[in-house]
Amino acid sequence: MTNVKRIQARSALGHIQPYSPGKPIWEVQKELGLTDVIKLASNENPLGPSPRAIAAIAASLHNLHRYPDAQSTELRQALAVKLDLAQEQIIVTNGGDELITLVSEAFLEPGDEVVVPDPSFTEYQFGALLMGAVAKGVPLGSDFQYNWRSIAEAVTERTKIVYLCSPNNPTGTYLSKSDLQQLLDALPAHVLVVLDAAYSHYATEADYTNGLEFVRAGYPVLVLQTFSKIYGLAGIRVGYGAADSSILQSILQVKEPFNVNAVAQTAAIAALGDDEHVRNSRELVLQERQRLYYELDNIGVVYVESMSNFILVELGDDARSLYEQMMRQGVIVRHGAGWGLPRHVRITVGTAEENDRLLAVLKDVVVAPPIR
């Protein structure tokens, strides 16, 4: 049995920190002995999945003994119509996370460089390190705003991929269409731009772009999207990418054959056609986001205005203690330490009732002295 200790993992794993998701409700209930817990930590849709998706799942269960369509053909067809793209310009994946991994596997060699905004979604860096590449962080500017020139200046001849998250997780800020255009025009031809637009449905600014127009125009852009947010299907993992077919062909070479299960494909097709659920989900977030701004202003809490379904809130040096106090009162938010933001928490916009409870607890812990 002593030989077991001689099994060596890849050296790259020594530089990787596994993704740490927000605490689930059941875990907090078990740890703290609570029964009534709300979760505003993972940017999920508070309205839940589309009723059409639920019905489609129920109708598909009798076919679970069959393998799923390896190409997700019907879902890609539905997406092509919805997005005004060719079917060959779409790839369906097991959530957006798998697409990030596949992009890394398809394009990165040891020593290549990936440029990522900082702070942003940590899986971009994870995918690069997994392949032995170098992740170069470019700090966001004042108030966490994008500066396209800083990104362009970070690119070298070794840069293979530039990641852009817009709206950005965890800050909620975005890259405007004109800035994206200037960045694309400034980048060398060998650089692939991956635009993560997972939260695009919540953006309201007139100069926002989800990047698809640049895909249609033939730029080397891959747009990442997900059914986990506004479509409310986080529990069954469906994501997709849109890019030129030549880019996707390389990614398809490393994709597993049955990466998206049959239930997920069926549910995503149904959810894609439920415009009413998408509209209601968007309107709820926009309305409650504004209300949260108003209430946060009233209690003197600093926040970043967001184009997404979450708000980055600054609670100061006691942010971790306040986060833990909120959790003890049954409200789960996300502490910002994982993004290098220890003074912040990220709060998902919930239903009106959930936000009422959030505000009551937040007022309580902000006014009361922190428990040490």
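Everything here concerns the structure above.
This one's a predicted model, so the numbers in the text were calculated from it and none came from an experiment.

## Let's talk about the overall build of the protein
Per the secondary structure count, the protein includes 13 helices and 13 strands. For the protein, whose C-alpha radius of gyration is 21 Å, the value lies close to the compact-globule estimate of 21 Å for 372 residues. A principal-axis box enclosing the C-alpha atoms of the protein has dimensions of 65 × 55 × 50 Å. A burial count over the protein gives 52% of its 372 residues as buried. In the protein, once contacts between residues fewer than 6 apart in sequence are set aside, the share between residues at least 24 apart is 75%. Accessible surface, the protein as shown: approximately 17100 Å² in total, 51% of it carbon and sulfur.

## A short note on the packing of aromatic side chains
Counted under the stated rule, the structure contains nine aromatic pairs. Ring geometry for F227 against Y240: centres 5.8 Å apart, planes inclined by 55 degrees, an arrangement best described as tilted. Of the two residues, F227 sits in the loop between β7 (221–226) and β8 (239–242) while Y240 sits in strand β8, which places them 13 residues apart along the sequence. Judged by relative accessible area, which is 0%, F227 ranks as buried. One aromatic cluster in this structure is built from F121, Y124 and Y163.

The rules behind the values
Residues numbered from 1 in each chain as written. Predicted model: local features only at pLDDT ≥ 70, side-chain atom pairs only at ≥ 80, totals over all residues. Heavy atoms only, no water. Helix = DSSP H or I, 4+ residues; strand = E, 2+ residues; numbered from the N terminus. Rg over C-alpha atoms; globule rule 2.2 N^0.38 Å. Buried < 20%, exposed > 50% of the residue type's maximum accessible area, 1.4 Å probe, protein only. Contact = heavy atoms within 4.5 Å. Areas by Shrake-Rupley, 256 points an atom, 1.4 Å probe, with all protein chains shown as cover. Phe/Tyr/Trp six-rings, centres within 6.5 Å; stacked < 30°, edge-to-face > 60°.

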